[in-house]
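Here's the letter readout for the chains.
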Amino acid sequence: MELRSVEELMDLLYACRGARDVPEPGRPPVDPHDHALRTAALLRRAHPADKELQVAGLVRPVGRLLWPGDPAGRAGRTADAVRALLGERVSRLLRDRPGRGVPADDLLALRQAAEEGLTAGFDAGVLEDWRTVLELLAARNSRLGAVE
């Protein structure tokens, strides 16, 4: 599957709302939609200029929705699904493996924000707050793809 528009991605992120995911035994259930918003907001605070890192934190739960029975292959499949829309760097960040142009520090920041987002108790805003950032990344990636 390949996401072709920001609208498709937004629909998937909205569909995550209200779902419950238990990341590890002993932890309370987590709403993937809220967790994604908190993760992206934490990354925005810590790395305000790195929109791709922020968006990687935002779109991580899409894999849970698309491939619920495949936790081992979910990261790679999610990365493949967003590559055409959001670009190679977001895709590589979602694969969650260092190398190939993704510094280990970026992956560590993403993991730490995701971990903190599980327990953080703050209002991270709404998904619509991210539409413009998603559209800008998609437009930039579209232009780059057209040139290549």
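Provided above is the structure to which this section pertains.
Residues numbered from 1 in each chain as written. Predicted model: local features only at pLDDT ≥ 70, side-chain atom pairs only at ≥ 80, totals over all residues. Heavy atoms only, no water.

Caption draft 1: Main features of empty space enclosed by the protein. In this structure the tally under the stated criterion is one cavity of 30 Å³ or more. The space that makes up the largest cavity amounts to roughly 30 Å³. Residue lining of the largest cavity: Leu 13, Cys 16, Pro 32, His 33, Ala 36, Leu 37, Leu 58, Pro 61 and Leu 127, and that is the complete set. (1 Å grid on protein atoms, 1.4 Å probe; cavity = no way out; pocket = protein on both sides within 12 Å on 5 of 7 lines; lining within 4 Å. Points joined across faces, edges and corners; volume = space filled by probe spheres on them.)

Caption draft 2: A look at the pattern of salt bridges. Tallying each qualifying case throughout the model produces eleven salt bridges. Arg 83 is paired through a salt bridge with Asp 80; the nearest N and O atoms lie 3.2 Å apart. Within this pair, Arg 83 and its partner Asp 80 are both found in helix 5 (residues 74-86), separated by three residues, close to a single helical turn. In this structure, Asp 106 and Arg 89 form a salt bridge, with 2.7 Å as the shortest nitrogen-oxygen distance. (Salt bridge = Lys/Arg side-chain N within 4 Å of Asp/Glu carboxyl O. Helix = DSSP H or I, 4+ residues; strand = E, 2+ residues; numbered from the N terminus.)

Caption draft 3: The arrangement of the environment of Thr 78 in detail. Topologically, Thr 78 is positioned in helix 5. When the C-alpha positions of Thr 78 and Val 62 are compared, they lie 6.8 Å apart, and in sequence the two are 16 residues distant. Ignoring anything within four residues of it in the chain, the contact list for Thr 78 reads Val 59, Arg 60, Gly 63, Trp 67 and Leu 94. A polar contact of 3.5 Å, which involves the side chain of Thr 78, links it to the backbone nitrogen of Gly 63. (Contact = heavy atoms within 4.5 Å. Polar contact = N/O pair within 3.5 Å; in protein donor to acceptor, adjacent residues only side chain to side chain.)

Caption draft 4: Here's a closer look at the side chain of Arg 131. Along the chain, the position of Arg 131 falls in helix 8 (residues 131-147). Take Arg 131: its relative accessible area is 17%, and that puts it in the buried class. Those residues in contact with Arg 131 that lie beyond four places of it in its chain are Glu 7 and Met 10. (Buried < 20%, exposed > 50% of the residue type's maximum accessible area, 1.4 Å probe, protein only.)

Caption draft 5: Region of the structure containing helix 2 (residues 32-46). An ideal rise of 1.5 Å per residue puts 21 Å on 15 residues; helix 2 measures up with 21 Å between its terminal C-alpha atoms. Of all 15 residues that make up helix 2, eleven are buried, and the element is covered over most of its length. For helix 2, the set of buried residues is Pro 32, His 33, His 35, Ala 36, Leu 37, Arg 38, Thr 39, Ala 40, Ala 41, Leu 42 and Leu 43. Looking at the packing, one finds that the buried side of helix 2 touches helix 1 (6-15), helix 3 (51-59), helix 4 (62-66) and helix 7 (104-119). The N-cap residue of helix 2 is Asp 31: its side-chain oxygen and the backbone nitrogen of His 33 are 2.8 Å apart. (Expected span 1.5 Å × (residues − 1).)

Caption draft 6: Structural detail: the side chain of Thr 39. Positionally, Thr 39 belongs in helix 2. What Thr 39 contacts, discounting residues up to four positions off in sequence, is Gly 57, Ala 113, Ala 114 and Gly 117.

Caption draft 7: Spotlight on the packing of aromatic side chains. Per the stated rule, a full pass over the model turns up zero aromatic pairs. For the cation-ring pair, Arg 44 lies above Trp 130, with the distance from its terminal atom to the ring centre recorded as 3.8 Å. One cation-aromatic arrangement involves Arg 45 over Phe 122; the distance from NZ or CZ to the ring centre is 4.5 Å. (Phe/Tyr/Trp six-rings, centres within 6.5 Å; stacked < 30°, edge-to-face > 60°. Lys NZ or Arg CZ within 6 Å of the ring centre and 35° of its normal.)

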